[in-house]
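Tertiary structure, described
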Amino acid sequence: MIVFASDYDGTLYKNREITQYDLDAIDAFRSKGNLFGIVTGRTIHSITTEIEKHQIPVDFLVGINGGIVLNPDNKELFSSTMTENL
């Protein structure tokens, strides 16, 4: 099994679209038992909205620059917060 992650803005999402070619490549990659995820600086709400809008198949999400990790059911696997002192 291979685990692969892509950035979203400017990488997977270019020129205000995600190409069918890229979506097909993700499907083919996952069909071989591999895992695909998106790693982004966006908030989870923002990226899940995009995933639903473009019907992107994902096995995991990493949002807020590593601050939170979710499984495909949007259940939290990891989160880290800063104290107000910082």
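Refer to the preceding data block for the structure.
Residues numbered from 1 in each chain as written. Predicted model: local features only at pLDDT ≥ 70, side-chain atom pairs only at ≥ 80, totals over all residues. Heavy atoms only, no water.

Some points on helix H2 (residues 44-54)
- Among all positions in H2, only Ile44, Ile47, Thr48, Glu50, Ile51 and His54 are buried. Buried residues in H2, looked at end-on, bunch into an arc of 155 degrees, giving them a common side. In H2, those exposed residues whose orientation departs by more than 90 degrees from the buried face are His45, Glu52 and Lys53.
- In the core, the buried residues of H2 are packed alongside helix H1 (20-31), strand S2 (35-39), strand S3 (60-63) and strand S4 (68-70).
- Just past H2, the residue glutamine 55 takes up positive phi, approximately 50 degrees. (Buried < 20%, exposed > 50% of the residue type's maximum accessible area, 1.4 Å probe, protein only. Helix = DSSP H or I, 4+ residues; strand = E, 2+ residues; numbered from the N terminus. Arc of directions from axis to C-beta. Contact = heavy atoms within 4.5 Å.)

Side note on the environment of arginine 42
- Within the secondary structure, arginine 42 sits in the loop between S2 and H2.
- Engagement of the side chain of arginine 42 in a polar contact is seen with the side chain of aspartate 9, the distance being 2.8 Å. (Polar contact = N/O pair within 3.5 Å; in protein donor to acceptor, adjacent residues only side chain to side chain.)

Here's the deal with the layout of surface pockets
- If you add up the space inside the largest pocket, you get close to 150 Å³.
- Secondary structure elements with two or more residues in the lining of the largest pocket: strand S1 (3-6) and H1.
- Looking at the lining of the largest pocket, the element that brings in the most residues is H1, giving four residues.
- Residue classes in the lining of the largest pocket are distributed as six nonpolar, two polar and two charged. (1 Å grid on protein atoms, 1.4 Å probe; cavity = no way out; pocket = protein on both sides within 12 Å on 5 of 7 lines; lining within 4 Å. Points joined across faces, edges and corners; volume = space filled by probe spheres on them. Nonpolar A, V, L, I, M, F, W, Y, C, P; charged D, E, K, R; others polar.)

Points about the pairing of strand S5 (residues 76-79)
- As judged from the three bridges shared by S4 and S5, these two strands associate in the antiparallel manner. Residue pairing across strands places leucine 70 opposite glutamate 76, the latter belonging to S5.
- Linkage of S4 to S5, two consecutive antiparallel strands, is achieved through a turn of five residues, within which asparagine 74 is found at a positive phi near 60 degrees. (Pairing = 2+ DSSP bridges.)

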